[in-house]
Structure formats: structure tokens, C-alpha cells
Amino acid sequence: MLAVLATLFISLNLLAVAAVGYLSFRNGYKAVNSVAMQLRQEIGARIKDHLHTFARTPFIITQSNANLMSQGLLPPDDPLTLERHFWHQVQEFESVSSIYFGNPQGGLADAGREGAGGFLYVIATDNFTRGPFKKYLTDNQGRRTELLLEVPNFDARTRGWYTHALEAGGPVWNAPYILFSGQDMAIAASQPVYSPDGALLGVVSVDIFLSQLSDFLQSLEIGKTGQAFIVERKSGLLVATSTETPLFIASAGETPRERIPALESESTLIRRVTETLLAQAGSLETVTTERQFAVVIDGATYFAQVTPFQDRRGLDWLVVVVIPEADFMAQIQANTRQTLLLMAGTLLLTATLTVLLTYRILGPIKSLAGFSRAIQQGEWGKTISHDSRIAEISLMTQAFNQMSRQMAATIAELNREIAAHQASTQALSESEHRLRSIVEQLNDGVSITDEQGRLIVWNRRLEEFTGLPAETMLGKYLWDVQFELLPPAEQTPERRARLEKDLRAFLKTGQAPWAGKLLERKFIRPDGRTLYLEGTAFPIQTASGYLLGSITRDITERKRIELERDTARQLFQKMFELSPVAIALSSVAERRIVDVNTATERLLGYSRAELIGQHSPAIDYWADPEERQHAFETLLAEGRIAGYEFTFKTKSGRTGRALIFAELFEQQGEQYILSAFVDITELQSYREHLEELVAERTARLQQSLEDLRRFALLAADRELRIKELREENKRLREQLKAAGRDIL
């Protein structure tokens, strides 16, 4: 009976111990699988978050540079200014290999660093056009020093980063490539740059080191011996790994550098995981969602997870995380072996010791189960006591404690990443503040809306133009502001609805018929003063849509000058056309006739169409070429001639005499001659006829004078005779008186 009871008790004890050992193993195995899956997901999520930050940085730089060039704040035709600007930017972003700009003439301006942590350099082409490519070492001020390299016949327009950006019409990634020095791989993010009127200014691009992705992967704690790697979905080429596995083959003699596909990697783990994934999916391009699978390599099981990573600018990668089962199962398998030994030992113990031992076993197991549940609920960093005298329980407890510490370290690393992201956000905020300060100092009015259409920038100059203070404008929807600025007669519900619809569409697509064009409008300020404003609106792309920016300039004074100029031009044109004097306008350099008036047509007999555009000497209206040449030389020497008389010849061959008055003047850097011709042919005839009449009248007058002279002589002689007769008569009377007295 004792034997039966002992046998029964031992059997029951054996069954109990076996059941406890089995349940402990199964719970531990499930907990390990759950933790392994969570660890893979956590690592995959961290890698994706890092890739998003990694992929966003270069396009922040390209967008910033493109905006500065489009707005004229960074001259795209000044390679030295571009070179210095890029040189400073490269030092602000450690992940950046180089920043450069190619123009439509094939020229290049570039600044970068030679490998991660290497020396700084600048690159430029002669005359900022296609031609020799020269690379210089720089000093600590960014100035060129030693010429490092010269490559002939460089043309930026033939490069992939240039052509891909133009084909895409916006920001785009280019394929990863191996650096010229062979130290690393890099990838280029490029973006076309356009002027406000839509003209292509060039392509700006940023290269970033891919080794930083490998460095990040190597910094991750993926279990004990886990690995991670990134592969291109379409090509299957490796991008980064968490090991020292080569990503490309260095050149040897005539053999060029080549990137290594994942299927040809030196790492057996990378090859086998890739082969298994291809066997399950058929092709890497079909892996569009997260996948988890197991791989057996040399009898060892590995848990793998593949996570697609894409962005809208062309990145299409697969992130693979692989964790060996042994990282988690080694302790459980050791515990299982020791449990079997303990089960054999328990057969020799008494029922009391078995009960006590069972009690001592169940307590720690419950603690482990509770600890497993706590881990599943995300309570990382906690530990439980492992001072149990049972080695298996103690080792299992240590394994769980170690796992908890690893998870706590992972969470801490994530928190550090978040802190770094916040620091980056702070730097961007400070950069935004500096840009706002610049905007406030501009002489042009600047406004910017957010993605929802609310005004977030309304600078000082725009306040002066409109008389509307920023504190009342910021936060308003742009369509409400534009509606309020319309004349009362145009403020209809339909007009407001159309404004809102058009602007909302622009904020989604960044496109509108009026975008990038210079538009003029008449604006009446609240104080009643009328202004003429000229402005252009443009999109600013963000991750969630588009901002709407605008630049406005006061052209009231220019419009006044243009109006006065147009009035003067119209008055001159009327005087020019209606003048009875023949007037002609011709250029000095080509001696071509620019314009003539109707009086010139009447004088010379040529139509305006026959005269305008003709070489002046070819129109033979000067009867004497020597007179023409003498007059032209005098005009050039003295700047003007007045009352120069010459003989002209009409289209029909008739000749006449005229006076020419001409003066030189300059317009837009070119000299012109304004000439006026006075026809004196009839006056000449009148003068000749008058001279004949004067000669005839003079002859008649002279004849009359001669007749008068003779008459005067005759008259004088008559008077003498009359005087003599009177004296004779007096004498006779006296004689008669004397004779009478004598007779008396």
C-alpha cells in the first residue's frame, strides 16, 4: 500500500511537476513571442520615424533655397554668393554631403564636405556655364584656396539630378550613388526653381550621406544579436545595414564601383532573409504592407519583419528587422533542461518536501506571469526579485528583468529622438523668426496664409499701403479680406463664394491661372486715398498642402509718371502728325528712318510705308550728295543745325529749295536725329519776282528822278526869267512914270 501510495504520490507529483514545467515553458514561450513581435514593431517604427526625419531635411533646404531665389533674396546668377550660402548651410546640417545649383546654361555652384566629418570644398564651372568643373579646398571663411580637381566638359543639364527634377516638375529623389572618393554612398534631393513669371532659373539639389542610416541602425539595440537592413524595392540594392557588411564594391583597375544587391550580400542572414521574402511574395515590388515571417538558417530560427517605406518624392524602400529566436529562447531552453533534472530529483523527495517545493515554485511563477502581463501592457523598466533558490526560476526572472531593461533603454532612446526632434523644431522656429524679421524690413508688402487660408504674415509695408493694421488682419481668411476690399457694388454673395472656392483650390493644388503673374489693381484706402498696387501670388509647398504668399509694391508714383508720359507722348504725336512742317525721325547708328509725318509725305511724294525703315541715304531726296554729307557732319560735330538751305528732290524728280532744322538726342542709349524741313521754293520764286519788281520800280523811279531833275532845271530857269521880266517890267514902269512926269 505504501508502495502504491508512494508510487501514486510520486506519479501525481511527477505529473504536477511536469504540468507546471510545461505550463511555465508555454507561458514563457508565448511571452517571448509577444515581446519579440513588439520589439520588432518598435524597432521598425523607430526606423520609419528616423527615415521620415532623414527624408524631410534635404527638402526643407531645397525649398528654402528655391524660395529665396524665386523672391530675389538669393541671386541665382551670382555663383560666388550661391557658393558662400551653400558653404554655410553644409556646416549647419551634418547629414548633408553637398548643396548645389545648376542653371539652364549648364553651369554649377556647389559646396560640400569630403565624406562624413571630412574637409569642406566648393565647386564651380567657368563663367557659370557648361565647361571645366573645378573643385577647390576652402579656408575657415569659405574662400577658395587649393585647386583639388578639374574635370573638363561638365554640363549640369545632362545630370540625372537636373533632368529628373525638370521631368517631375517639383521636389524629387534621385537614385543613390557612390561618392567619387569611394568613402560612402549618398542620395540627391533636387527641385526646380522658377522665377515669379514662371521662367526656369535652374535646379537646386542636396546630397546626404547614406552612411548615417547605417550608423543609426548600428546604434539600435535589436535584442542581443538582431540585425536590420534597408533595401530598394525596385532594384533590390542595399541602402544601409546595422552591420559592417559592404554596401558596394570598390573599384579595382578597370572595374568600376558597383552597389551590391541584397541577394549577393556577404551577410548570409541578409541573403537568406531576402530569398525567403522573394519566395513568399514573388517579388519585392508586391510587398506593399508590413509582413512578419520566420527564417531557418543552419537550424536556427530567426523572426523577420518587413515594413515598406515610401514618400511622395520617390523613395521606395523596404525596412527589414531580423531577431534570432535564440536571443529569447536560450534561457527558456536551459530552464527546461534544468526543470527535467529537478523533476527526476523530486521523485526522491517526500510528499512534504514536494508540497513545500511546489509552493516555492508556484509563487515565483505567478510573479513571472504577472510580470509578463505587465510587459504586455507596456509597463517597461520594472524588475522583480530573482533571489529564488530555484535556479530555473531565478534565471527566467533574470531574463525577464534583462528584457525589461532593454525595453526601458529602447524607450529612453525614443525619448532622446523626440528631444532631438524638438530641438530641430526650435531651430526651425528661430529660423522662421529671422525670416519674419527680414520680411518686416522689406520695402514691399508681404502676406502669407496658412494651409487653411488664414493670414499668418501681414508685414509693416503692407500696413502702410492698405492702412489696415496687422493685428486686425492676422487670423482672418484671405477670401474674407479680399471680399471686404472690393467696391460695395461688387460685394455679392456669389462673388464671395467664388473667391473662397478659387483660393481653397489653390491651397490644395498650388496652381491657379493668376499664380506667379504680376497683377495691377486700383485700391482705395480707408482714408479715401487712391493707390495703384502691383503684386504677385505664389505657392509655398508644405507637408500638408500649400501656403499662399504674395508680394505687393506701391506703383502709384510710377502710374502718375506713366500717365504724364503717355499724355506728353500723345501730345507730341498729335503735334508731330498735325504739324504743317515736314518732320522726320531717324537713327544715327544705322541712319534708318524711324518715322515721318504727313507733311513729309506731301513734301517728298513718298508714302510713310516707303520711307519708314529705309536707309536714309538710299532715299535720294537730297539733290546734292555733298550738301547731305556736309549737313550730316555739321550735325554730328555741333549737335544741331538750324536754317541750313539745300536743294531737295521729290519722288517724281521735281526739285525745290528747303531749310532744314535738326538736332541730336539720345533715347535708351541710342542716338536719334529729329529733323524739320521748311519748303521755301515758292518763297524763293516770290523773292526772285520781288527782286525783278524792285529792279523795274527802281528803274522807273530813277527815270522819274531824272525827269524831275530836268523839270527842276527848267523850272529854275523859268523863275530866273520871270524875275528878270519882273525887274524889266519894274524898270519900264519907272521909266514910264519918269516919262509921265516929264510930260506933265
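Now for a look at the structure at hand. Fair warning: this is a prediction, and the values are worked out from it, not measured in the lab.

### Comments concerning the overall build of the protein
For the protein, the count of helices and strands is 17 helices and 26 strands. Residues counted as buried form 40% of the 744 residues belonging to the protein. In the protein, of all internal contacts separated by at least 6 residues, the share reaching a separation of at least 24 is 49%.

### Some details on unusual backbone geometry
Positioned with a positive phi, Asp298 is a non-glycine residue whose angle comes to about 50°. Summarising the element assignment, Asp298 is placed in the loop between strand 14 (291-297) and strand 15 (300-310). Residue Arg591 is not a glycine yet carries a positive backbone phi of 55°.

### Digging into the environment of Leu664
Summarising the element assignment, Leu664 is placed in strand 25 (residues 655-667). Spatially, the C-alpha atom of Leu664 lies 9.4 Å from that of Ile641, the residues being 23 residues apart in sequence. Those residues in contact with Leu664 that lie beyond four places of it in its chain are Val588, Leu635, Leu636, Gly639, Tyr672 and Ile673.

### Focus on the nonpolar core
Generally speaking, nonpolar side chains in soluble globular proteins are found buried as a group. Among the nonpolar cores identified, the biggest contains 76 residues, and Ile47, Leu213, Ile230, Val273 and Trp317 are the most heavily contacted of them. At 11 residues, the largest contribution of residues to this core is made by helix 1 (residues 2-70). Judged by nonpolar contacts, the second largest core, of 26 residues, contains Leu604, Ile641, Ile660 and Leu664.

### Side note on the sheet that holds strand 23 (residues 593-596)
Backbone-to-backbone hydrogen bonds pair the strands of a sheet. The strands run either parallel or antiparallel. Strand order in the open sheet made by the five strands is 23-22-26-25-24, with antiparallel pairing throughout. Looking at the sheet topology across the chains shown, the edges are occupied by strand 23 and strand 24 (640-649). Taken over all neighbouring pairs, the strand axes of this sheet differ in orientation by 25° on average, direction set aside. Where strand 24 lies against strand 25, eight bridges are found, and the strand directions are antiparallel. Residue pairing for strand 25: Ile641 is matched across the bridge by Ala662. Across the face of the sheet, helix 16 (residues 625-638) comes into contact with strand 24, strand 25 and strand 26 (670-679) while running at roughly 165° to strand 24.

### Description of the packing of aromatic side chains
Scanning the model with the defined rule gives 11 aromatic pairs in all. Measuring from ring centre to ring centre gives 5.9 Å for Trp161 and Tyr162, while their planes differ by 75°; the resulting arrangement is edge-to-face. With respect to class, Trp161 is no different from Tyr162; both count as buried. Residues Tyr477 and Trp479 carry aromatic rings whose centres are separated by 5.0 Å and whose planes lie at 15° to one another, so their mutual orientation is stacked.

### A short note on a nonpolar patch on the surface
Together, Leu166, Tyr194 and Leu200 make up an exposed nonpolar region whose accessible area comes to about 210 Å². Position of Leu200 among the secondary structure elements: in strand 9 (residues 200-209).

### Observations regarding the sheet that holds strand 18 (residues 455-458)
The five strands are arranged 18-17-21-20-19 in an open sheet whose pairing can be described as antiparallel. With partners counted over all chains shown, the strands left at the sheet margins are strand 18 and strand 19 (519-524), one partner each. Put simply, the sheet's adjacent strands are angled 25° from each other on average, direction ignored. Sheet topology note: the strand 20 (residues 530-542)/strand 21 (residues 545-554) ladder contains 10 bridges and is antiparallel. By the bridge assignment, Glu534 is partnered in strand 21 with Arg553.

### A closer look at the side chain of Asp110
Looking at where Asp110 falls in the secondary structure, it is placed in strand 2 (residues 108-113). Although Asp110 is buried, it forms no salt bridge, and the closest oppositely charged side chain is Lys135 at an N-O distance of 8.1 Å. With residues up to four places along the chain from it excluded, the contact list for Asp110 reads Glu83, Ser98, Ile99, Tyr100, Tyr121, Val122 and Ile123.

### Let's talk about the environment of Thr225
Relative to the helices and strands, Thr225 resides in the loop between helix 4 (211-219) and strand 10 (227-232). For Thr225, a relative accessible area of 48% puts it in the partly exposed group. Taking the C-alpha atoms as reference, Thr225 lies 6.9 Å from Pro324; in sequence the two are 99 residues apart. Discounting chain neighbours no more than four positions away, the residues touching Thr225 are Pro324 and Asp327.

### Description of empty space enclosed by the protein
Applying the stated criterion across every chain, the model contains three cavities of 30 Å³ or more. Approximately 310 Å³ is the volume attributed to the largest cavity. Taken together, 23 residues form the lining of the largest cavity, with Ser586, Ser616, Tyr621, Trp622 and Ser675 sitting closest to its centre. Listing elements by their share of the lining of the largest cavity, those giving two or more residues are strand 22 (582-587), strand 23, helix 14 (598-604), helix 16, strand 25 and strand 26. For the lining of the largest cavity, a count of residues per class yields 16 nonpolar, five polar and two charged.

### Details of helix 3 (residues 160-168)
Residues of helix 3 that are buried: Trp161, Tyr162 and Ala165. All buried residues of helix 3 lie within an arc of 105° about the axis, which places them on one face of the element. The inward-facing, buried residues of helix 3 contact strand 1 (96-102), strand 2, strand 6 (172-173), strand 8 (185-194) and strand 9.

### Some points on the environment of Asp197
The residue Asp197 is located in the loop between strand 8 and strand 9 in this model. Residue Asp197 is classed as exposed on the basis of its relative accessible area of 62%. Sequence-wise, Asp197 and Gly516 are 319 residues apart; in three dimensions their C-alpha atoms are separated by 5.2 Å. A distance of 3.3 Å separates the side chain of Asp197 from the backbone nitrogen of Ala199, its partner in a polar contact.

### Describing the pairing of strand 14
Relative to strand 15, strand 14 runs antiparallel, the two being bridged by seven bridges. Pairing of Arg291 across the sheet is with Val306, part of strand 15. Here strand 14 folds back onto strand 15, and the loop between the two strands holds two residues, one of which, Asp298, carries a positive phi near 50°.

### A few points about the pattern of salt bridges
A complete count under the given rule lists 29 salt bridges for this structure. The salt bridge partner of Asp527 is Arg525, with a shortest N-O separation of 3.0 Å. Assessed through its relative accessible area of 52%, Asp527 is described here as exposed. A relative accessible area of 13% means that Arg525 is categorised as buried. Within the structure, one salt-bridge network assembled from shared partners comprises Glu520, Glu534, Arg558, Lys559 and Glu562.

The rules behind each value
Residues numbered from 1 in each chain as written. Predicted model: local features only at pLDDT ≥ 70, side-chain atom pairs only at ≥ 80, totals over all residues. Heavy atoms only, no water. Helix = DSSP H or I, 4+ residues; strand = E, 2+ residues; numbered from the N terminus. Buried < 20%, exposed > 50% of the residue type's maximum accessible area, 1.4 Å probe, protein only. Contact = heavy atoms within 4.5 Å. Core = buried A, V, L, I, M, F, W, Y, C linked by side-chain atoms within 4.5 Å. Pairing = 2+ DSSP bridges. Axes fitted to C-alpha atoms, helices over the stretch in contact; angles between N-to-C directions. Phe/Tyr/Trp six-rings, centres within 6.5 Å; stacked < 30°, edge-to-face > 60°. Patch = residues over 30% accessible without salt bridge, like charges linked within 9 Å, V, L, I, M, F, W, Y side chains within 5 Å. Areas by Shrake-Rupley, 256 points an atom, 1.4 Å probe, with all protein chains shown as cover. Salt bridge = Lys/Arg side-chain N within 4 Å of Asp/Glu carboxyl O. Lys, Arg positive; Asp, Glu negative; His and termini not counted. 1 Å grid on protein atoms, 1.4 Å probe; cavity = no way out; pocket = protein on both sides within 12 Å on 5 of 7 lines; lining within 4 Å. Points joined across faces, edges and corners; volume = space filled by probe spheres on them. Nonpolar A, V, L, I, M, F, W, Y, C, P; charged D, E, K, R; others polar. Arc of directions from axis to C-beta. Polar contact = N/O pair within 3.5 Å; in protein donor to acceptor, adjacent residues only side chain to side chain.

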